[in-house]
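# A look at the structure
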Amino acid sequence: MEFVQYHPTGLPGTGILITEGSRGEGGILVNKDGYRYLQDYGLGPPDPWPRNKAMELGPRDRLSQAFWHENQKGRTIDTPHGDVVHLDLRHLGEKRIDECLPMIRDLATSYVGVDPVHAPIPVRPVVHYTMGGIDTDIDAKTRIEGLFAAGECACVSINGANRLGSNSLTELLVFGARAGLGAARLAEAEVSHADEAAIREQAAAGDRVGRLFRNTGGGESVAGLRREMNATMESGAGIYRTEESLSRSCAVMNDIRRRYADVVLEDKSNVYNTDLIQALELDAMIDIAGAVIVSALARRESRGAHQRLDHERRDDEAYLKHSLAHYVAGEDPTIDYRDVVITRSEPGERVYGGAHK
Amino acid sequence: MNERHVDLEILRYDPETDEEPAFQTYRVPCQEDWVVLDAVNYVKDVLDRTLSYRWSCHMAVCGSCGMMINGEPMLSCKAFVRDMPDRIRIEPLANFPIERDLVVVTDDFMDKLASVKPYLIPREEKAIEDGAHVQTPAQLKKFKQYTLCINCTLCYAACPQYAHDQNFTGPAALALAHRYNLDSQDVGRGAREDVVASNAGIWECSFVGACSDVCPHEVDPAGAIQQTKIASTVDYFMGLLTPERDR
Ligand SMILES: Cc1cc2nc3c(=O)[nH]c(=O)nc-3n(C[C@H](O)[C@H](O)[C@H](O)COP(=O)(O)OP(=O)(O)OC[C@H]3O[C@@H](n4cnc5c(N)ncnc54)[C@H](O)[C@@H]3O)c2cc1C
Ligand code: FES
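Residues numbered from 1 in each chain as written. Chains lettered and ligands numbered in written order. Predicted model: local features only at pLDDT ≥ 70, side-chain atom pairs only at ≥ 80, totals over all residues. Heavy atoms only, no water.

All names here are of chain A. The full set of residues close to ligand 1 is Leu17, His128, Tyr129, Gly151, Glu152, Arg163, Ser166, Asn167, Ser168, Leu169 and Leu172. Between an oxygen atom of ligand 1 and a side-chain N or O atom of Glu152, the distance comes to 2.6 Å. Within the side chain of Ser168, one N or O atom sits 2.9 Å away from an oxygen atom of ligand 1. Against a free-state accessible area of 1,000 Å², the protein chains account for coverage of 34% of ligand 1. Of all the elements in the fold, those that place two or more residues in the shell around ligand 1 are strand S5 (121–130) and helix H5 (167–189). Looking at the shell around ligand 1 element by element, the count peaks at 4 residues for H5. Taken together, the residues of the shell around ligand 1 break down into 4 nonpolar, 5 polar and 2 charged. Of the domains in this structure, domain 1 (4–129) and domain 2 (131–186) are the two that each give at least three residues to the shell around ligand 1. (Near = heavy atom within 4 Å. Polar contact = N/O pair within 3.5 Å; in protein donor to acceptor, adjacent residues only side chain to side chain. Areas by Shrake-Rupley, 256 points an atom, 1.4 Å probe, with all protein chains shown as cover. Helix = DSSP H or I, 4+ residues; strand = E, 2+ residues; numbered from the N terminus. Nonpolar A, V, L, I, M, F, W, Y, C, P; charged D, E, K, R; others polar. Domains from an automatic or database assignment.)

Next comes the structure, spelled out in structure tokens:
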């Protein structure tokens, strides 16, 4: 769960995504001095044309990390919605932009008031994708008999520590189909599937809803706790992490988990109650945030989307492993590990830019 | 950043407690770059947790945040507060039953979408070993515009014909049928004809064009319906001339 992908080019404030396609067409990323800073981070040389695995077409984790460093060096641009760099498409010309990137022109013009034909688009890394998820086998089966998972909520492990763009298609079409077929087969085969433990758990979950409805004291708000969670996850478990930042966020999240017990529903209706839905979602997100932090704390190395400033090297000896977080009610999850099975591709040095042919 | 106070008049309705829908007004401090959805989210997060509405992407691609905004069907995530007066009236999409507050029941629309068989009906199944399905850019261009529909149902909320007769298959579903009919990989036009060319289908449309005016992705359902009318008319006369022709 410690691997969370940042997409390097989102709009500030809204986080609206500016597709990799705009860099694929030849868009360039520049800092406040108009300099293509990616060449300083092992991604150059800066050819004028787009080249796979180099510069702007480097991997998402490296690009997001480069932004972080530019930001530390004070070479990003300050805006009311946070620091940005510029994605410049102007040299592509109006015709090409309208033909290949009409949606980007529309999004940038509407949401940040910048027409990319005439001005560079302000962008920054935005949280994009959770590589971890519910542990499944290649038939989308989870450890709970009869429960299947597929898509972003699942972790069938086609992504590793740094997902490639478009892999969701595979996750949804291939493993979604497997999950559906598997579930249908199971339903056909088993006439009655009375799992007493599961039913008891269901009843307990039902009471979770009841408790929220009945709660009167406390007065914590869902929106307030959610904001605090976002802030601490961004600052403590974001693009770069340290023991100290993660521990700080861990303490904040434990506090938020405690305060969640005081969430009061204003909406008591049984019809389309989004106050209830948001409270339940927050409950689940608190658990997930805990799993991200605790597995990130335990992984004392840097790999893909998990970068530790206090453990900068990748350590295959100790950590060529999947972290497995196990839920413990009301507390931090426990972590154990499973070895990564290497099939066709041996783990190697990740080399980009000029050195790569 | 500049802040401006805007009064949102939101139509509220909870079937468990309310006889009928009624407006409730909220004063919201809006940022310069906000869309109406941001203002509604402010109400939900700060002023009133009981307000229900749908949204997801905040970037005009999921199609879930449609509302009547000052009487016009719009995506609330693409409707900018800076373009609006100081009082904004927000109601659930017209022509649909209200489920709760700004949430409408879309079952009828979902049924209509399914009724036009919105999927490829190929001439013959092709095995994976037989390679890719090839389509030229020119073949794609024929229907690409109609693939951009996000099922936001703004066109149903704008359509006077659907308001008048809910049997009408309606703009988005007919445009989607047209999309598949135009696809070089598809031979399903005959199979769709029952629904598309029925009385409740294309012939019901009186070509007001309101659907195309409100479409956030310029799909032009009105144009699709007119093109389908022409194609169906040609089919009809071809059918008279060559009655044994297999459709
Ligand atoms: C802006 C953006 C652009 C992206 N672009 C690409 C791309 O170009 N290529 C690519 O491969 N990937 C892309 N991704 C990633 C990809 O879109 C997602 O990983 C993928 O859509 C996840 O699909 P899913 O079905 O697993 O989950 P979702 O699409 O999130 O679906 C989950 C569904 O569950 C529903 N749900 C939630 N809770 C409940 C509940 N309690 N009861 C009932 N229903 C519930 C939700 O409403 C939702 O419909 C992008 C992601 C983002 C954010
Ligand atoms: S929220 Fe997705 S279209 Fe508006």
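Now, onward.
This part is about the interface of chain A and chain B. Counting residues at the interface gives 23 residues for chain A, matched by 26 residues for chain B. In total, chain A and chain B occlude about 2,000 Å² of area from one another, counting both sides; carbon and sulfur atoms represent 51% of this. Looking only at chain A, the three residues that lose the most surface to chain B are A:Tyr111, A:Val271 and A:Tyr272, adding up to 31% of its buried area. The interface formed by chain A and chain B contains 4 salt bridges. Residues B:Lys78 and A:Asp106 are paired through a salt bridge, measuring 2.9 Å at the closest nitrogen-oxygen approach. Linking chain A to chain B there are 18 residue pairs in polar contact (both at pLDDT 80 or more). Elements supplying a minimum of two residues to the side of chain A that touches chain B: helix H4 (102–112), helix H7 (222–236) and helix H9 (274–298) of chain A. Ranked by the residues each element gives to the side of chain A that touches chain B, the list is headed by H4(A), at 5 residues. Broken down by class, the residue content of the side of chain A that touches chain B amounts to 10 nonpolar, 8 polar and 5 charged. (Contact = heavy atoms within 4.5 Å. Buried area = accessible area lost by both parts, 1.4 Å probe. Salt bridge = Lys/Arg side-chain N within 4 Å of Asp/Glu carboxyl O.)

Bringing the domain arrangement of chain A into the picture now. Residues and elements named next belong to chain A. For chain A, the domain assignment lists domain 1 (4–129), domain 2 (131–186) and domain 3 (208–357). Its C-alpha centre places domain 2 at a distance of 20 Å from the equivalent point of domain 3. With 6 residues of domain 2 in contact, the opposing surface of domain 3 contributes 8 residues. Interface area for domain 2 against domain 3, summed over the two sides, is near 470 Å², with a carbon-plus-sulfur share of 50%.

We now examine the packing of aromatic side chains. Residues and elements named next belong to chain B. In the structure shown here, the tally under the stated rule is 8 aromatic pairs over all chains. Consider the rings of Trp34 and Tyr42, whose centres lie 6.2 Å apart with planes at 50 degrees: the pair is tilted. By relative accessible area, Tyr42 is classed as partly exposed at 23%. One aromatic cluster in this structure is built from Phe96, Phe109, Tyr156 and Tyr162. We note Arg82 situated over the ring of Phe80; from NZ or CZ to the ring centre the distance is 4.1 Å. Above the face of the Tyr180 ring, Arg179 is positioned so that its terminal group lies 4.0 Å from the ring centre. (Phe/Tyr/Trp six-rings, centres within 6.5 Å; stacked < 30°, edge-to-face > 60°. Buried < 20%, exposed > 50% of the residue type's maximum accessible area, 1.4 Å probe, protein only. Lys NZ or Arg CZ within 6 Å of the ring centre and 35° of its normal.)

The subject of this paragraph is the confidence of the model for chain B. Regions with low pLDDT should not have their predicted coordinates read in detail. Overall, the predicted model of chain B reaches an average pLDDT of 93, with 97% of residues at or above 70. Confidence estimates for the predicted assembly give a pTM of 0.92 and an ipTM of 0.91. (pLDDT = per-residue confidence, 0-100.)

Residues and elements named next belong to chain A. Under the definition given, this model contains 49 salt bridges over all chains. A salt bridge links Arg36 to Glu56; its shortest N-O distance comes to 2.7 Å. Within this pair, whereas Arg36 is found in the loop between strand S2 (28–30) and helix H2 (60–72), its partner Glu56 is found in the loop between S2 and H2, the two being separated by 20 residues in sequence. Neither Arg36 nor Glu56 differs from the other in exposure class; each is buried. A cluster of three or more residues bridged by salt bridges with shared partners is formed by Glu2, Arg299, Glu301, Arg303, Arg314 and Asp316.

Turning next to the side chain of A:Arg60. Residues and elements named next belong to chain A. The topology assignment puts Arg60 in helix H2. Polar side-chain contacts of Arg60 include one of 3.1 Å to the side chain of Gln5. Of the polar contacts made by the side chain of Arg60, one reaches the side chain of Glu20; its length is 2.8 Å. Those residues in contact with Arg60 that lie beyond four places of it in its chain are Gln5, Tyr6, His7, Pro8, Glu20, His128, Arg163 and Gly165.

Next up on the list: the packing of helix H6 (residues 171–181) of chain B against helix H7 (residues 189–196) of chain B. All names here are of chain B. Viewed as axis vectors pointing N to C, H6 and H7 meet at an angle of 165 degrees, and their least axial separation amounts to 10 Å. The angle between the axes of H6 and H7 places the two elements in the roughly antiparallel class. Where H6 crosses over H7, the handedness of that crossing is left-handed. Where H6 approaches H7, its residues Leu174, Ala177, Tyr180 and Asn181 are matched on the opposing element by Arg189, Arg192 and Val196. In the contact of H6 with H7, the residues fall into 4 nonpolar, 1 polar and 2 charged. (Axes fitted to C-alpha atoms, helices over the stretch in contact; angles between N-to-C directions. Parallel < 35°, antiparallel > 145°, perpendicular 65-115°, else oblique. Left-handed = near helix turned anticlockwise from the far one by under 90°.)

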